[in-house]
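Each chain is listed here by its residues.
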Amino acid sequence: MTVCTRYAPSPTGSLHIGNVRSGLFAWLYARHNGGRFILRIDDTDQERSTRESLEEIVASLEWLGIDWDAGPPDRRYFQSSRFDRYREAAARLLREGKAYPCYCTPQELEAKRRQAEREHRKPGYDGTCRDKPYPPELALPDRAGGRNYTIRFRSPRDGQTVVEDLVKGHSVFQNSELDDLIIFRSDGVPTYNFATVLDDADFEITHVVRGDDHLPNTPRQIQIFRALGLTPPAYAHLPMVAGPDGKPLSKRHGATSVFAYRDAGYFPEALLNYLARMGWSHGDQEIFSKRELIEYFGFDACGKSPGIFNPEKLLWLNFHYLKERTPAQLAREVIPFIERRGYQVPGDMAWIEKMVATLRERAKTLVELVDFAHFYLSDDIRIDPKAAAKFLKPEIAQPLGALASAIAALPENCGESAVQQVFEQVLARFGMKLGQLAQPVRVALTGGTVSPGIYEVIAVLGRSRTVARLNRAIAQIGA
RNA sequence: GGUCCCAUCGUCUAGUGGUCAGGACACCGGCCUCUCACGUCGGUAACGCGGGUUCGACUCCCGCUGGGAUCACCA
């Protein structure tokens with residue numbers, strides 16, 4: 001039997017990184033085994049599902065390089081297009097006495113729950129309608145009819161249901177703990193646990209890979225599989241990802257969506273590598289290409305305990321992938337970020353490459369890189385007053401002037417070695433050390449005390465811009 | 001509260017009865033150096049507690065404690 005896994009997000013918001021990790025693991029498992037990976041859209045909740053969310057999910061997955069063998073835009077993989085199938089299955093269960101109508105109102109149920117809680121009993125459904133007679137051909141609730149009953153699954157009262165999980169191991173649930181859950185709402189919409197079972201069965205999912213928040217649902221789903229005469233799939237429940245405070249990862253922890261990381265200048269390789277590496281390991285290896293991830297992945301190497309999201313490590317990985325890129329590649333990728341930051345995008349790709357090459361080891365994301373490139377991308381640089389006070393003193397005006405005129409004699413696109421020669425001449429003439437001249441020059445050219453090597457900066461800036469900034473600084477000293 | 005899951009440095013983890021408990025991020029220090037980085041060398045830092053089993057437990061069993069998930073006409 002060929003392995004088939006699925007990822008089934010509901011299009012009710014952004015694609016969350018904790019959530020997409022489950023998808024990633026499911027995808028890795030399928031690819032590792034040469035199997036199929038299905039993207040299914042759990043949109044039974046028509047109220048909350050939106051087209052924008054769906055588009056974001058699809059785009060996020062594509063950006064990460066997680067591809068699917070079946071799924072959108074094929075409508076067959078949307079739950080909303082499978083309602084007939086769910087109705088048919090529910091009607092069958094009803095006929096066979098494996099499900100029954102429940103006439104309790106939401107208000108009554110709510111009252112019972114509160115009552116049970118007060119009396120320290122389990123809050124589950126008490127089975128009020130379980131044994132009431134009903135006509136075997138009773139109609140299912142439907143959207144138009146607005147019937148005043150729901151359909152509940154008649155779950156076995158005795159015995160136990162065992163979940164053999166590929167990551168969590170063996171878990172036993174007493175059937176007496178499991179109440180009769182609603183499989184069809186009074187508005188004719190099937191509920192999650194029911195629709196999921198039918199989807200997993202119909203699409204021939206062999207391994208259900210998902211977050212361990214679904215573990216308590218699993219015995220119920222197994223029972224539904226059995227009631228339908230179907231064999232349940234294998235399960236792999238992955239531990240969840242928490243924020244730095246140990247609480248479930250959410251908006252208040254900052255960026256949580258895949259898009260947020262993309263827009264913050266992270267690379268898909270870094271995010272993928274990071275997500276894979278939390279909750280899964282392969283010895284001491286930290287850096288994994290997609291190819292390696294697929295080759296090494298397995299549930300036996302997945303941890304059972306929840307992980308805490310560590311933004312610093314993600315940043316480090318991103319830095320790794322940034323350094324690994326060629327300047328040409330980086331130059332291409334940085335352009336949208338230059339644009340977004342409001343700079344005029346330089347037309348000369350070779351120049352952008354040169355610029356990027358000097359910044360590559362100083363920025364951890366594309367956004368940081370553009371921030372750092374301000375003095376390259378704009379002539380509107382502001383000289384930091386503290387830096388000026390420290391390095392742009394009257395006695396440096398003369399050496400700066402000498403340097404300016406020497407550079408003025410160079411060709412526009414002088415190389416680093418020519419710049420170095422000029423520096424050495426000026427240094428010798430004034431009996432200065434490199435540090436004494438480099439810092440003032442740095443302040444004059446970049447506005448601050450931190451930048452790439454000063455020869456590189458000049459080589460990238462070019463003769464005219466360098467000389468202009470030098471002269472401006474000299475003028476400022478004189479003033 | 002019931003049920004289920006989990007437990008090695010601050011964080012991600014290696015470890016499957018005998019290790020000075022290893023690696024990575026972060027942090028601290030040295031070196032490199034025109035600044036900042038990069039790089040490099042080194043350092044601080046962990047088996048939650050209590051019982052067993054065993055010649056010997058981080059590793060196996062039980063209990064405790066602590067965390068988490070879940071108990072909807074959401075998914």
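Our subject in this report is the structure included herewith. As the structure is a computational prediction, the values presented were derived from the model and not from experiment.

Rules used in this analysis
Residues numbered from 1 in each chain as written. Chains lettered and ligands numbered in written order. Predicted model: local features only at pLDDT ≥ 70, side-chain atom pairs only at ≥ 80, totals over all residues. Heavy atoms only, no water. Axes fitted to C-alpha atoms, helices over the stretch in contact; angles between N-to-C directions. Helix = DSSP H or I, 4+ residues; strand = E, 2+ residues; numbered from the N terminus. Parallel < 35°, antiparallel > 145°, perpendicular 65-115°, else oblique. Contact = heavy atoms within 4.5 Å. Nonpolar A, V, L, I, M, F, W, Y, C, P; charged D, E, K, R; others polar. Near = heavy atom within 4 Å. Polar contact = N/O pair within 3.5 Å; in protein donor to acceptor, adjacent residues only side chain to side chain. Buried < 20%, exposed > 50% of the residue type's maximum accessible area, 1.4 Å probe, protein only. Phe/Tyr/Trp six-rings, centres within 6.5 Å; stacked < 30°, edge-to-face > 60°. Lys NZ or Arg CZ within 6 Å of the ring centre and 35° of its normal.

With that settled, consider the packing of helix H18 (residues 434-446) against helix H20 (residues 463-478). Two numbers describe how H18 lies on H20: the axes approach to 8 Å, and their chain directions differ by 105°. Considered as vectors, H18 and H20 are oriented roughly perpendicular to each other. Along the contact surface, H18 presents Val441, Ala444 and Leu445, while H20 presents Thr466, Arg469, Leu470 and Ala473. The class makeup of the residues in the contact of H18 with H20 is five nonpolar, one polar and one charged.

Near RNA strand B lie 61 residues; those nearest to it are Arg185, Gly279, Glu361, Arg362 and Arg442. Between RNA strand B and glutamate 177 there is a distance of 3.3 Å, counted from a sugar or linking oxygen to a side-chain nitrogen or oxygen. The contact in question runs from a phosphate oxygen of RNA strand B to an N or O atom on the side chain of tryptophan 316, over 3.4 Å. For the surface near RNA strand B, the secondary-structure elements that each account for two or more residues are helix H4 (106-118), strand S6 (169-174), strand S11 (307-308), helix H10 (311-324), H18 and helix H19 (454-461). Looking at the surface near RNA strand B residue by residue, the classes come out as 22 nonpolar, 19 polar and 20 charged.

Turning our attention to the side chain of asparagine 193. With respect to the helices, strands and loops of the structure, asparagine 193 is situated in helix H5 (residues 192-202). According to the relative accessible area criterion, asparagine 193 is buried, its value standing at 11%. Polar side-chain contacts of asparagine 193 include one of 2.9 Å to the side chain of glutamine 221. When sequence neighbours within four positions are dropped, the list of residues in contact with asparagine 193 reads Leu181, Asn217, Gln221 and Ile224.

It is worth spelling out the packing of aromatic side chains at this point. What the rule picks out here adds up to 16 aromatic pairs. A ring pair is formed by tyrosine 261 and phenylalanine 309, whose centres lie 6.2 Å apart and whose planes are at 65°; its orientation type is edge-to-face. Here tyrosine 261, found in helix H7 (residues 258-263), pairs with phenylalanine 309, found in the loop between S11 and H10; they are 48 residues apart in sequence, far enough to count as distant. Considered together, tyrosine 261 and phenylalanine 309 belong to a single accessibility category, that of buried residues. Among the aromatic residues, those joined into a ring-pair cluster are Phe25, Tyr29, Trp280, Phe288, Tyr296, Phe297 and Phe299. Taking NZ or CZ as reference, arginine 152 lies 3.4 Å from the ring centre of tyrosine 125, over its face. Above the plane of the ring of phenylalanine 267 lies arginine 325, whose end atom (NZ or CZ) is 3.7 Å from the centre.

Function cannot be read off these values alone, since they describe shape.
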